[in-house]
Amino acid sequence: MSRVLLSFVFCFALMACTDDGDQANQTDPENLGEPNTGEPNQVPGENDSEPQEPSGNELDQGLLFMCMDDEVAFTEGRIRRIGRSEWTRNVGRYAGSAADQNPFDGLPTHPYSTYAENESVNESVLDIYLDSVASGSYGWATRDRYRAGALASNVHEDSIACMYGESRPDEECVEHYTAYLLERGVLFRPPTDEEHQALREFAENVLDSEGTEEDARRHSLERIFSAAWMTSGALFREELGEGPVDDYGRRRLGDWELANAIAYALDGRAAGAPGVYARWGLEWSADYDGHMPGLREAAMDGTISNPETIATLVREYFGGVDEDRVDLNLDFRDERRISRRGEFWLANGVREFFREWLGYDAHINIFKDTPSATSAFGSEVHSDYGNLISGYYGHESRLVEQMDDMIARVVVEDIDVYENLLTTRTFYVPATAEFEGSSIHNSTLRTSYIYNVTDPVASTREDRWRVLPESERAGVLTHPAFLASHAGAFENDPNIVDRGKWVRENLLCDPVPDLPITVEAAFDPETRDQSARQRMSEQVDTRAECAGCHGMMNPLGYPFEIYNHAGFLREEDHGSPPDGSAYLRSMPDPELDGPIEDAIDLSERLAESAYARRCFLRQVFRYFMGRDEVLRDACTLEAMEQAYVDSGGSLVEVLIALFQSDSFQFRVDEVAR
Amino acid sequence: MTWTRRTFLKTLGFGAAGAALLNPFYRQLFAAESTPRRFVIFVEGNGIEPRNFLSGATTNALLDAGTDVGDIRHLYRNYSHDHPVVTPDSGLADALSLASLDSASGEISLQDQSAVLLGLSSKISGGGHSTETGALSSSRSPAGSPTDLTIDHYLASLSSVRQGAPFSAVRLGVVGGNTRLNYSTCAFGPNQPAPITCDPTTAFNSLFGSVASGAGESTFRERQELLDFAVDDLERALQGFSGNSRERQKLERYLESLENMVHRQEIIQDMEDLLRGVKPQEPEESELYRSESPLDRLQAQVDMATSALIGGLTNVVVIALGTGARHFSLEYPSLIDLYPDGDMLGGHDARHAAESGNQAFVHLLTAITDRHVALMASMARELEATPEVTANGTMLDHTVMLYMSDNGEKHHSLAEEWPMLLMGGSALGFKTDGRTVVYPRYGHDHNRQVSNLFNTLGHAAGADLNDFGHEGITRITEGPLSEIWG
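This structure is a prediction, so every number in the text was calculated from the model and none was measured.

So, how was this worked out
- Residues numbered from 1 in each chain as written.
- Chains lettered and ligands numbered in written order.
- Predicted model: local features only at pLDDT ≥ 70, side-chain atom pairs only at ≥ 80, totals over all residues.
- Heavy atoms only, no water.
- Helix = DSSP H or I, 4+ residues; strand = E, 2+ residues; numbered from the N terminus.
- Expected span 1.5 Å × (residues − 1).
- Buried < 20%, exposed > 50% of the residue type's maximum accessible area, 1.4 Å probe, protein only.
- Polar contact = N/O pair within 3.5 Å; in protein donor to acceptor, adjacent residues only side chain to side chain.
- Lys, Arg positive; Asp, Glu negative; His and termini not counted.
- Salt bridge = Lys/Arg side-chain N within 4 Å of Asp/Glu carboxyl O.
- Contact = heavy atoms within 4.5 Å.
- Buried area = accessible area lost by both parts, 1.4 Å probe.
- Nonpolar A, V, L, I, M, F, W, Y, C, P; charged D, E, K, R; others polar.
- Disulfide = S-S within 2.5 Å.
- 1 Å grid on protein atoms, 1.4 Å probe; cavity = no way out; pocket = protein on both sides within 12 Å on 5 of 7 lines; lining within 4 Å.
- Points joined across faces, edges and corners; volume = space filled by probe spheres on them.
- Domains from an automatic or database assignment.
- Pairing = 2+ DSSP bridges.
- Phe/Tyr/Trp six-rings, centres within 6.5 Å; stacked < 30°, edge-to-face > 60°.
- Lys NZ or Arg CZ within 6 Å of the ring centre and 35° of its normal.

Attention shifts here to helix α13 (residues 359-384) of chain B. All names here are of chain B. The end-to-end C-alpha distance of α13, which contains 26 residues, comes to 36 Å, matching closely the 38 Å that a straight helix rising 1.5 Å per residue would cover. The element α13 is largely enclosed, with a buried count of 19 among its 26 residues. For α13, the side-chain oxygen to backbone nitrogen distance between the N-cap and Ala360 is 3.0 Å, and the N-cap itself is Asn358.

Listed below in structure tokens is the structure:
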């Protein structure tokens, strides 16, 4: 049976067990037949009804890692609308600034923010953008090198100084400035003649109509900046391929396309995005040549097409150790928050991959009733828990950042990354010792209790790095941020389903059918005084009609019942000892079948699973490629796996293999559907 | 003279029956067959003390129902009644912050066109200093991360509400400092905060720049030039685009958005005569726009929103008063006499002081809410003085106005009580007849939630909105509040 036929058989089997009932959302005006502007970015319509190429979790994993000699990999040519953080970084503004409130969030329906399908600029987005585009102009509308927000590529470039004087700039000055602005501040590639000509004419008109008020020039430069950032080239990055078509109908990405594709994937910004002077006492985020200048230079001189160049640059920009954490200079307004973070840093894209794959920042949107319920602690930790989420009091990191730091350490060490992610006992916990007797002690003194660390934690990196007991935590799946993100409001909510479903879909790449629309999935409210285990086992597991789907999730969720909904270790569970036991049957990886003691046991078993590790690599592919994997990507996935094995578990080498692959570098006009 | 749409039409030489002679936009605006449905939401940042909305008659009615609220400020803690207590003709104007509803100064009394709701909960939103967009979306939504759309955007998206108005919604407000846009209160959807314009001059330029005589005119023109530039760029890009049809569609969608925006600008220009008639004072003419006092700037914003409603620019308005955890700490120089020893204190500290029982600061918070309500009443009176063109009654009859907070009942809110004041909307089914409704306390089976009030707004808008927000299994019951609507 051919690989394609096999995949379709699999899909039909999936369809047979899936009741395709989209959950009607009553808060969506579209259900009322009204125009829906609630999802502002979506290109409407036509893609919805098109047959889609089997992809992602629909596919058999074994086939995906079976490279055939005649397999040719490629990606459909695409344009990619800029993302929210990408825009903020490219204009050189801060996280949380007015510029950062730009409307370019990805569609919530996309599994990763890097997916580009259907994303455009509709009226709602445009409405906000028109009000906010000028907020990104500070670094280009002013030229004061000692003011926060100054851009190195502006204040250190003398040839554009003529635009900032009092007199009317001459044609030569305007021509040079607009070309420079487009290349170094907007498009991050040389502009086409048409692009340059259009902006130059616009700039001349603006300057002609300039008033005489004190800030007239600044206003003119804001208008020029805004116009440049309204263009299609600014908001949509091309990955269409350039040059001759090969025997398979493919074009290789152009040098600038490739350099920027790598730059955005790795660091969530363009190659050469401007370095920023954050504030007094901090270093520039990058110098005159901008962020990732090597990628920009390699695009200019064409060496980006050399695989070794890519390897060298990825190793340089991927992450590392930095006591000063310069990478955070634009993320926090108060440097005390920077100095309290761990010393391991990751490029923005790498950090974001882990946040999105593991979904561990979701807890900030989830109300937690009695966060300490069933733990060894009482209401005295509730204010601390709130502060772990908001970070309002003091300057310690939040729960989500503590998990960032824990992951960064594993990834920067770059040895057996997948295995160590699931088994490390080294957690980064918040300092508490300095808050004894302070006016904010109610919200800061017990923030480490969620890790069961009750002795004072000194305000040093050394003391914040804690090796937790082997019986309590093991890796990312047992981190409080992850646990709270995959749980509801109450400790005996069906968190078993949330967590089990996550493992099934994101670590075993096995799809769970959608909830049938006819099923009202909720525990009997009369059983609110029972444990989640009792509620689940009595109300769901015993019902044959539920077993098909819940059998895929519940055994993978029960092990996490040793923790409550907020991530605290349970001390008891409704009068019984915490119970994380489960029995795994018919797992996609037969090696996983058998009894499981708890979440720690499960994490260690998953860490040993080559099957689950392949799923991890598939997730890496999805995020950094910006699309689901398909069967023709098999050689790419196989190369990524080989790179991982050969390098002793290096994620850097996995990414290099991906960026060097045909999947990443080749485009066709259109894939037949 | 109080300007009315009817007098405007008369000025132009049209009676209401002559609306068919108007250009297409005016026909759509004035001759729509649908009932006009307008929604105005005032949101006060960092809590409304429930006692500020409690009248003497309601206190007595609660006593009869078994609840003695005594002297406590956070009433819900004493609620012991088991069913909603409805007090008709509850004498609203004698509540601490509702005196402006009265006709004492010879103005139209709004007492019998208002209603108060007490006891509604929204635990899902989390409380604290601010629930950010959670207040209007009944969800847990931290700063910068809306979990879902807010009720204002839901309503603004309904064609039964928008009815061709150029702006789906107008969102204005005040904050401390120079923040021009506040993203803390409204949302188009998940992770899509909707901005509130905090600079009155910016708001004026956007809404009335086409008929302005000063800088507003140039701002309006500059936006047109920006849009024209972008349209030209997109048309060029599409001509040379080599990608497939799906990718082309992304650019076409952007171009379509630009063209629609250009069209909106044209519509606004077409409304020139109408807008000239309703235009508020221009920034160059009024000190309110640049005043140090947030109440002055708020006055400018409320005047602007009133004009926008009467001028048909929009049918949904949000007025945000220091909303969001970063923005509630306002100072009120115009209330300096109420600060102990005349020493101005930052808003955060003042609210802390009130929380700890300092009566001077409790009175200050009462006065702040009172001034805000007075501004809302001024808008209501303008609408009451303006007859509808295509329906019976006044604009206020077809406009429901809601006053609420963005976190519940106090500075460090538990989100267990959300005092609500409603005005107008009688033609939309609201029982704004002077009543007060007090629901059983949070945790009681007959407690009702803020999301139920949003359901009520949805029904008044013509939508069958029985669920809203993210309460999930913590939802007590679905659907509108029969005590106030139907």
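All names here are of chain A. Mapped onto the fold, Arg200 is located in helix α8 (residues 193-208). No salt bridge is formed by the buried Arg200, whose closest oppositely charged neighbour, Glu204, lies at an N-O distance of 4.2 Å. Setting aside residues up to four positions removed in sequence, Arg200 forms contacts with Val174, Glu175 and Thr178.

Attention now goes to the interface of chain A and chain B. In this assembly, 72 residues from chain A lie in contact with 68 residues from chain B. Across the interface of chain A and chain B, roughly 5900 Å² is buried in total on both sides, 56% from carbon and sulfur atoms. On inspection of chain A and its partner chain B, the count reaches 6 salt bridges. The salt bridge involving Asp127 of chain A is made with Arg264 of chain B; its shortest N-O contact spans 3.1 Å. If you look at where chain A meets chain B, you find 17 residue pairs in polar contact (both at pLDDT 80 or more). The set of elements that each furnish at least two residues to the side of chain A that touches chain B consists of β2 (78-81), α4 (123-132), α8, α9 (216-228), α10 (232-235) and β4 (236-239) of chain A. Top element by residues in the side of chain A that touches chain B is α4 of chain A. It accounts for 8 residues. Partitioned by chemical class, the residues of the side of chain A that touches chain B number 31 nonpolar, 20 polar and 21 charged.

We now examine the state of the cysteines. Residues and elements named next belong to chain A. For the coordinates displayed, the defined rule picks out 3 disulfides over all chains. Each disulfide pairs two cysteine sulfurs, and for Cys67 the partner residue is Cys635, the sulfurs being separated by 1.9 Å. Sign of the S-S torsion, about 80 degrees for the bond between Cys67 and Cys635, identifies this disulfide as right-handed. Of this pair, Cys67 sits in the loop between α2 (61-64) and β1 (75-76) while Cys635 sits in helix α27 (residues 634-646), and the two are 568 residues apart along the sequence. For Cys67, a relative accessible area of 28% translates into the label partly exposed. Among the residues examined, Cys635 registers a relative accessible area of 22% and is labelled partly exposed. In this model, Cys162 is linked to Cys173 through a disulfide, with the two sulfur atoms separated by 2.0 Å.

Take empty space enclosed by the protein next. Rolled over the atoms, a probe as big as a water molecule pinpoints where empty space is left. All names here are of chain A. With the rule as written, the count across this model stands at 7 cavities of 30 Å³ or more. For the second largest cavity, the calculated volume is near 80 Å³. Every residue along the wall of the second largest cavity is listed here: Asn387, Leu388, Gly391, Tyr393, Glu396, Ser397, Pro430, Ala431, Phe435, Thr444 and Thr447. Class assignment for the residues of the lining of the second largest cavity results in 5 nonpolar, 5 polar and 1 charged.

Across residues other than glycine, the phi torsion is negative in most instances, and most of the peptide bonds are trans. Of note, Thr374 of chain A is a non-glycine position whose phi angle comes to about 70 degrees, a positive value. Counting through the fold element by element, Thr374 of chain A comes out in the loop between α15 (348-358) and α16 (382-390).

Residue and element names in this part refer to chain A. We note that the domain assignment places domain 1 (335-481) and domain 2 (492-602) within chain A. A C-alpha centroid distance of 25 Å is found between domain 1 and domain 2. If you look at the interface, domain 1 gives 28 residues, while domain 2 gives 17 residues. Carbon and sulfur atoms supply 61% of the area buried between domain 1 and domain 2, which totals about 1900 Å² over both sides. Contact with domain 2 buries area across many residues of domain 1, yet Trp357, Thr374 and Leu477 alone supply 32% of it, more than any other trio. Our enumeration of links across domain 1 and domain 2 arrives at 11 residue pairs in polar contact (both at pLDDT 80 or more). For the side of domain 1 that touches domain 2, the secondary-structure elements that each account for two or more residues are α15 and α18 (417-423).

Now for the pairing of strand β6 (residues 192-197) of chain B. One face of the sheet, then the other: side chains in a regular strand alternate in exactly this way. Residues and elements named next belong to chain B. Where burial is concerned, most of β6 is hidden: 6 out of the 6 residues are buried. Of the strand pairs in this sheet, strand β5 (residues 181-189) and β6 are connected by 5 bridges, and their pairing is antiparallel. Paired with Asn182 across the strands is Ile196, a residue of β6. Linkage of β5 to β6, two consecutive antiparallel strands, is achieved through a turn of 2 residues, within which Asn191 is found at a positive phi near 60 degrees.

Before going further, it helps to examine the sheet that holds strand β5 (residues 251-252) of chain A. Residue and element names in this part refer to chain A. The strand order across the open sheet formed by 3 strands is β1-β13-β5, and the pairing between neighbours is mixed. If you trace the sheet from one side to the other, it starts and ends with β1 and β5, each paired once. Across 2 bridges, β5 lies against strand β13 (residues 666-668) in antiparallel orientation. Across the sheet, Arg251 pairs through a bridge with Arg667, a residue of β13.

Bringing the packing of aromatic side chains into the picture now. Residue and element names in this part refer to chain A. Per the counting criterion, the structure on display carries 38 aromatic pairs over all chains. Pairing Trp357 with Phe616 gives two aromatic rings, centres 5.2 Å apart and planes at 55 degrees, and the pair type is tilted. Note that Trp357 is positioned in helix α15 and Phe616 in helix α26 (residues 610-625), a separation of 259 residues in sequence. Of the two residues examined, Trp357 and Phe616, each falls in the buried class. One aromatic cluster is present, built from ring pairs that chain together Tyr112, Tyr115, Phe353, Phe354, Trp357, Tyr418, Phe482, Trp502, Phe616, Tyr623 and Phe624. Geometry around Phe666 places Arg250 over its ring, the cationic atom sitting 4.0 Å from the centre. We note Arg409 situated over the ring of Trp465; from NZ or CZ to the ring centre the distance is 4.5 Å.

Considering all chains together, one arrives at 67 salt bridges over all chains under this definition. With its nearest N and O atoms 2.9 Å apart, the salt bridge here joins Arg341 of chain A to Asp405 of chain A. Pair noted here: Arg341 of chain A is in the loop between α14 (335-339) and β8 (344-346) and Asp405 of chain A is in helix α17 (residues 399-413), with a separation of 64 residues, a long-range link. Here Arg341 of chain A and Asp405 of chain A have matching classes, each one buried. For Asp433 of chain B, the salt bridge goes to Arg435 of chain B, with nearest N and O atoms at 2.9 Å. Salt bridges sharing common partners tie together Arg78, Arg80, Arg237, Glu239 and Arg667 of chain A.

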